[in-house]
Amino acid sequence: MLDFNCYVGAWPFHPLAVETFEELQELHKKNGITGGFVSSIKSLFYRDYFYSEEELYETVKGTNYRQVMTVNPQFPACLDIVRHGIENWNIAGVRIAPSYHGYGLDDPQLEKLCCLLKEAGLPLFFTINLEDVRNTYLLVPKPVPHENIKKWLHNHQDLTVLFCGGHINDVETLKENIINHPAAFFDPSGLRHYSFPLEELGETACTRLVYGSMSGILCLKSSLMHFEMKEISDEQVKRSASGVDFLAKCPGIK
């Protein structure tokens, strides 16, 4: 089993239960997870994220974890850093967080980033939400309107996208657009198992499910309970946990 949405690093405004890579590995091991696609919290908050990404590369190198680079496309050196990551760090994708960085989905720099990822055969990790809204302090994210996401996704049919951290209203609103896209997927990290069982999404939508926990920002067990409580078929659990369908759409991941 793999975790396709996990993090290392400290959150600026409150402590996290899991902050170091060693703590993440231990948490995963206790829950039967053998590896993951990991991002740096530092990169979310650094203007120049080259050094935090270099640090992440050195941290996960030689392990069962893959680096997902977190970028703000508006930073002038963004594309150069991503190219460096592809050529030298063997990154497995790029994460964006427009609700935190404050740009629109029609931003020309974002379009250039999408073109670069398409050429490289790498996925875009589209972060809808991050921390629990009850913990929001100083930095208040501005949600991207669903209609803007729908339009953007429609215009990027040849880009593989994993939507991360979507809450119930996000996933229910976007699920038809995800289903109708050739290579769009979502993770359950923003869906609390006790308030929204996965079967309510419908069988077809769950074929686009890829397991991601958003640990250490959120509680891993809350997302894992969707699988442990048999909310979807054993076959779909297996496919989601391995990410086989998602990875098939990512030829650049080596």
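Our subject is the structure listed above.
Here is a short report on the structure shown in this document.

Analysis parameters
- Residues numbered from 1 in each chain as written.
- Predicted model: local features only at pLDDT ≥ 70, side-chain atom pairs only at ≥ 80, totals over all residues.
- Heavy atoms only, no water.
- Axes fitted to C-alpha atoms, helices over the stretch in contact; angles between N-to-C directions.
- Helix = DSSP H or I, 4+ residues; strand = E, 2+ residues; numbered from the N terminus.
- Parallel < 35°, antiparallel > 145°, perpendicular 65-115°, else oblique.
- Left-handed = near helix turned anticlockwise from the far one by under 90°.
- Contact = heavy atoms within 4.5 Å.
- Buried < 20%, exposed > 50% of the residue type's maximum accessible area, 1.4 Å probe, protein only.
- Arc of directions from axis to C-beta.
- Pairing = 2+ DSSP bridges.
- Phe/Tyr/Trp six-rings, centres within 6.5 Å; stacked < 30°, edge-to-face > 60°.

### Some remarks on the packing of helix α7 (residues 146–154) against helix α8 (residues 168–179)
Between two packed helices, the angle of one axis relative to the other and the distance separating the axes together describe the packing.
Logical step 1: The N-to-C vectors of α7 and α8 enclose an angle of 25°; their axes lie 10 Å apart at closest approach. The orientation of α7 relative to α8 falls into the category roughly parallel. Considering the relative orientation of α7 and α8, their crossing is right-handed. Along its contact with α7, which presents His-146, Ile-149, Lys-150 and Leu-153, the element α8 presents Asn-169, Asp-170, Thr-173, Leu-174, Asn-177 and Ile-178.

### Digging into α7
Logical step 1: By the burial criterion, the buried members of α7 are His-146, Ile-149, Trp-152 and Leu-153. When α7 is viewed along its axis, its buried side chains cluster within an angular range of 125° and face the same direction. Exposed side chains of α7 directed beyond 90 degrees from the buried face belong to Glu-147, Lys-151 and His-154.
Logical step 2: Residues of α7 that are buried sit in contact with α6 (108–120), β6 (124–127), β7 (161–164), α8 and β8 (184–186).

### What about the sheet that holds strand β1 (residues 2–8)?
Logical step 1: If you walk across this open sheet you meet the three strands as β1-β2-β3, and the pairing is parallel. Edge positions in the sheet fall to β1 and β3 (65–67), since each of these pairs with one other strand and no more. Each strand of the sheet is rotated relative to its neighbour by a mean of 30°, with strand direction disregarded.

### A few points about the packing of aromatic side chains
Logical step 1: Applying the stated criterion across every chain yields a total of 15 aromatic pairs.
Logical step 2: For the pair Trp-11 and Phe-45, a centre-to-centre distance of 5.1 Å together with 90° between the ring planes defines the contact as edge-to-face. Separated by 34 residues along the polypeptide, Trp-11 in the loop between β1 and α1 (21–30) and Phe-45 in helix α2 (residues 41–45) bring together distant segments of the chain.
Logical step 3: What makes Trp-11 buried here is its relative accessible area of 5%.
Logical step 4: When the ring of Tyr-211 is compared with that of Phe-227, the centres are 5.4 Å apart and the planes differ by 50°; the resulting orientation is tilted. Of this pair, Tyr-211 sits in the loop between α9 (203–206) and α10 (220–228) while Phe-227 sits in helix α10; the two residues are 16 residues apart in sequence, bridging distant segments of the chain.
Logical step 5: The exposure class of Tyr-211 is buried, given its relative accessible area of 0%.
Logical step 6: Among the aromatic residues, those joined into a cluster by ring pairs are Phe-4, Phe-37, Phe-125, Phe-185 and Phe-246.

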